[in-house]
Amino acid sequence: MKFELLKSENTYTGRAFSVRRDHLLTPSGATVKYDIIEHIGSVSIVPVDEDGQIYFVRQYRHAAQMDLLELPAGTLEPGEPPEEAALREIREEIGMAAQNIQEIGSFYLAPGYSTELMHVFLARGLTHDPLDPDADEYLSVEKLPVAAALRLAEGGQMQDAKSMAALFLARPFLVK
């Protein structure tokens, strides 16, 4: 099936993303409009310490109107490689540096309307090495054993999709 882009226009530019409206010609000959969120990309990290504890952050998410338990994550800076972003984000969010970091997968968060590709990293060899958090972040750090974290995700008790997906990608590396 072939879709042809007829026109694309920027309709909004914000701090974290922009929105464009694409006009497409569909295979049936109809013209449709798609609003697409353009996002630079992001990372999510599964930091595991030597005791088999996974580090999470709990933070208020205004769109959800609640605090959510999430893996450390963040947006890439322009031109920043995903691995560097992952190393920076875990220092900002949980105050730990990783001696070993491995990309274990990637996925689109919402491919129906967003270009955001999230890269997932497994981080080990953690040592205390904090960076200042972002000015708009109010986080509390929590640790859970691997089995407990997986139970939360599998049981539908974790409401953050990126954290669930990252845990499922990490599972083969965590459970032997």
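Preceding block: the structure.
The structure displayed is predicted, hence computed values, not measured ones.

Peer 1: It is not clear to me how a nonpolar patch on the surface should be interpreted in this structure. Could you clarify?
Peer 2: Together, Met1, Phe3 and Tyr34 line one region of the surface with nonpolar side chains, adding up to about 400 Å² of accessible area. As for its placement among the helices and strands, tyrosine 34 is situated in strand S3 (residues 31-38). You can call tyrosine 34 partly exposed: its relative accessible area is 34%.

Peer 1: So what exactly am I meant to see when it comes to the nonpolar core here?
Peer 2: Soluble globular proteins tend to bury their nonpolar side chains together. Within the largest apolar cluster, 22 residues are counted, with the highest numbers of intra-cluster contacts made by Val46, Ile54, Phe56, Leu71, Leu167 and Leu174. Of all the elements in the fold, those that place two or more residues in this core are strand S5 (53-61), strand S8 (96-108), strand S9 (117-128), helix H2 (146-154) and helix H3 (161-174). The contact partners of phenylalanine 56, leaving out residues within four places of it in the chain, are Leu69, Glu70, Leu71, Pro72, Ile94, Ser140, Val141, Glu142, Leu144, Ala149, Met158 and Leu167. Ranked by size, the runner-up nonpolar core spans 15 residues in total, among them Val57, Leu76, Ala85 and Met96.

Peer 1: Mind showing me how you'd approach the packing of aromatic side chains here?
Peer 2: The description of an aromatic ring pair uses the distance of the two centres, along with the angle that the planes make with each other. Using the criterion set out here, one finds one aromatic pair in the structure. Ring centres 6.1 Å apart and planes at 50° place the aromatic pair tyrosine 12 and phenylalanine 17 in the tilted group. Residue class for tyrosine 12 comes out partly exposed when judged on its relative accessible area of 44%. Given a relative accessible area of 34%, phenylalanine 17 falls into the partly exposed group.

Calculation notes
Residues numbered from 1 in each chain as written. Predicted model: local features only at pLDDT ≥ 70, side-chain atom pairs only at ≥ 80, totals over all residues. Heavy atoms only, no water. Patch = residues over 30% accessible without salt bridge, like charges linked within 9 Å, V, L, I, M, F, W, Y side chains within 5 Å. Areas by Shrake-Rupley, 256 points an atom, 1.4 Å probe, with all protein chains shown as cover. Salt bridge = Lys/Arg side-chain N within 4 Å of Asp/Glu carboxyl O. Helix = DSSP H or I, 4+ residues; strand = E, 2+ residues; numbered from the N terminus. Buried < 20%, exposed > 50% of the residue type's maximum accessible area, 1.4 Å probe, protein only. Core = buried A, V, L, I, M, F, W, Y, C linked by side-chain atoms within 4.5 Å. Contact = heavy atoms within 4.5 Å. Phe/Tyr/Trp six-rings, centres within 6.5 Å; stacked < 30°, edge-to-face > 60°.

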